[in-house]
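Chain residues, written in single-letter form:
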Amino acid sequence: AQRVTQPEKLLSVFKGAPVELKCNYSYSGSPELFWYVQYSRQRLQLLLRHISRESIKGFTADLNKGETSFHLKKPFAQEEDSAMYYCALKSRGNEKLTFGTGTRLTIIP
Amino acid sequence: ETGVTQSPTHLIKTRGQQVTLRCSSQSGHNTVSWYQQALGQGPQFIFQYYREEENGRGNFPPRFSGLQFPNYSSELNVNALELDDSALYLCASSWSGGAREQYFGPGTRLTVT
């Protein structure tokens, strides 16, 4: 069975400091990994996916198959980064997204 | 381009009743997925509809059922409501080809008393 674990429910970081949101997964095949973000009073939206290897709003995430991790990183936190972040996994050939429980990131001015 | 819309926004039902939630997919999308998000949890996959047929189902009992219409809009029906069904229900639409990014609606907050 596929599973996504986000060990931190809450994370507070000072503005300008580096941010790392942890995500670990368990899946026997070759997964697709995503980070979704939900800003206050807005709907859930895709932040980035591992297959595109792009940087969105300064965030990057590298898939580490050896450690089964997909941590989200940003070198310098900004106040507008405060939001709820969800890591999600999609198995190949299946449209189902499996989400973690989420991490609420708060950037301290 | 119109985004994913859901109705109603909020709903209060009594245990044992039945409820229907509605979702209009984003323009050009032919696939709709439904998720249940309990308080403090991530969204959980209920099922997906593609071309009016169920195309994958999560670990939810048969009293959770759905429909997709020719215009790709969708309904989620829940029979014999239980207190644990209280949650935010999210609908997401996508295009079956290409990148398949799922675009989420704002959700329907269901409270069962």
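Everything quoted here is computed from the prediction, not taken from an experiment.

This brings us to the interface of chain B and chain A. Taken residue by residue, the interface counts 19 residues in chain B and 14 residues in chain A. For the pairing of chain B and chain A, the buried interface totals around 1500 Å² over both sides, and the portion due to carbon and sulfur atoms is 49%. One can count one salt bridge joining chain B with chain A. A salt bridge links Glu101(B) to Arg49(A), with the shortest nitrogen-to-oxygen separation between them at 3.2 Å. Where chain B packs against chain A, one counts six residue pairs in polar contact (both at pLDDT 80 or more). Those elements giving two or more residues to the side of chain B that touches chain A turn out to be β4 (31–37) and β5 (44–50) of chain B.

Scanning the model with the defined rule gives eleven aromatic pairs over all chains in all. Between Phe34(A) and Tyr36(A), the aromatic rings sit 6.3 Å apart at their centres with planes inclined by 45 degrees, giving tilted as the arrangement. No difference in accessibility class separates Phe34(A) from Tyr36(A), as the two residues are buried. Following the ring pairs from residue to residue traces out a cluster consisting of Phe34(A), Tyr36(A), Tyr86(A), Phe99(A), Tyr35(B), Phe45(B) and Phe104(B).

Attention shifts here to the nonpolar core. Soluble globular proteins: nonpolar side chains tend toward being buried together. Residues and elements named next belong to chain A. The biggest cluster of nonpolar side chains holds 24 residues, and the ones touching the most others in it are Trp 35, Leu 72 and Tyr 85. At the level of secondary structure, the elements contributing two or more residues to this core comprise β2 (10–14), β3 (19–21), β5 (32–38), β6 (45–49), β9 (83–90) and β11 (103–108). The dominant element in this core, judged by the number of residues it contributes, is β9, at four residues.

Now for the pattern of salt bridges. A complete count under the given rule lists ten salt bridges over all chains for this structure. In this structure, the salt-bridge partner of Arg57(B) is Glu54(B), at a minimum N-O distance of 3.1 Å. What makes Arg57(B) partly exposed here is its relative accessible area of 30%. On the basis of relative accessible area, Glu54(B) is assigned to the partly exposed category, the value being 38%. Here Asp85(B) makes a salt bridge to Arg63(B), at a shortest N to O gap of 2.8 Å. Of this pair, Asp85(B) sits in the loop between β8 (74–78) and β9 (87–94) while Arg63(B) sits in the loop between β6 (53–57) and β7 (64–68), placing them 22 residues apart in sequence. With respect to class, Asp85(B) is no different from Arg63(B); both count as buried. What emerges from the salt-bridge pattern is a single network uniting Glu20(A), Lys22(A) and Lys73(A).

Each value, and the rule that gives it
- Residues numbered from 1 in each chain as written.
- Chains lettered and ligands numbered in written order.
- Predicted model: local features only at pLDDT ≥ 70, side-chain atom pairs only at ≥ 80, totals over all residues.
- Heavy atoms only, no water.
- Contact = heavy atoms within 4.5 Å.
- Buried area = accessible area lost by both parts, 1.4 Å probe.
- Salt bridge = Lys/Arg side-chain N within 4 Å of Asp/Glu carboxyl O.
- Polar contact = N/O pair within 3.5 Å; in protein donor to acceptor, adjacent residues only side chain to side chain.
- Helix = DSSP H or I, 4+ residues; strand = E, 2+ residues; numbered from the N terminus.
- Phe/Tyr/Trp six-rings, centres within 6.5 Å; stacked < 30°, edge-to-face > 60°.
- Buried < 20%, exposed > 50% of the residue type's maximum accessible area, 1.4 Å probe, protein only.
- Core = buried A, V, L, I, M, F, W, Y, C linked by side-chain atoms within 4.5 Å.

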